[in-house]
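The primary structure of each chain is shown beneath.
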Amino acid sequence: MTYKITDDCISCGTCADECPVGAITEGDGKYEIDPDKCIDCGTCAGVCPVEAPKPEE
């Protein structure tokens, strides 16, 4: 299960800076997680000030 960034994203970039595998990039209006690179570590969710990254179900 990978993480996905919800529309709650405020485009601060904190998650991208902390991602250990570089799976997060700036997208159109919010950051996006590449599911092929995501290792499901949860680091992004732990540092996000608005809890935008969520485990994809």
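Provided above is the structure to which this section pertains.
The shown structure was predicted, so the numbers you read here are calculated from the model rather than taken from an experiment.

Draft legend 1. Molecular detail of the overall build of the chain. When helices and strands are tallied, the chain shows two helices and four strands. When the helices and strands of the chain are placed in sequence order, the string is β-α-β-β-α-β. Its C-alpha atoms give the chain a radius of gyration of 10 Å, near enough to 10 Å, the size a compact globule of 57 residues would have. Projecting the C-alpha coordinates of the chain onto the three principal axes gives extents of approximately 25 × 20 × 20 Å. Taken over 57 residues, the chain has a buried fraction of 32%.

Draft legend 2. Region of interest: the nonpolar core. One finds Ile5, Cys15, Ile24, Tyr31, Ile33 and Cys44 to be the most contacted residues of the largest nonpolar core, which totals 13 residues. Listing elements by their share of this core, those giving two or more residues are strand 1 (3-5) and strand 3 (31-33). The contacts of Ile5, once residues within four sequence positions are left out, are Cys15, Ile24, Lys30, Tyr31, Glu32, Ile33, Ala52 and Pro53.

Draft legend 3. A look at the side chain of Thr2. Within the secondary structure, Thr2 sits in the segment before strand 1. Aside from chain neighbours lying at most four places away, what touches Thr2 is Pro35, Cys38, Lys54, Pro55 and Glu56.

Draft legend 4. Just unusual backbone geometry, in detail. At Ser11, a residue that is not glycine, the phi angle is positive and equals roughly 55°. Relative to the helices and strands, Ser11 resides in the loop between strand 1 and helix 1 (14-18). In this structure Ser11 comes out as partly exposed when scored by relative accessible area, which is 30%. Non-glycine residue Glu51 carries a positive phi angle of around 55°.

About the criteria used
Residues numbered from 1 in each chain as written. Predicted model: local features only at pLDDT ≥ 70, side-chain atom pairs only at ≥ 80, totals over all residues. Heavy atoms only, no water. Helix = DSSP H or I, 4+ residues; strand = E, 2+ residues; numbered from the N terminus. Rg over C-alpha atoms; globule rule 2.2 N^0.38 Å. Buried < 20%, exposed > 50% of the residue type's maximum accessible area, 1.4 Å probe, protein only. Core = buried A, V, L, I, M, F, W, Y, C linked by side-chain atoms within 4.5 Å. Contact = heavy atoms within 4.5 Å.

All we've got here are geometric facts, nothing functional implied.
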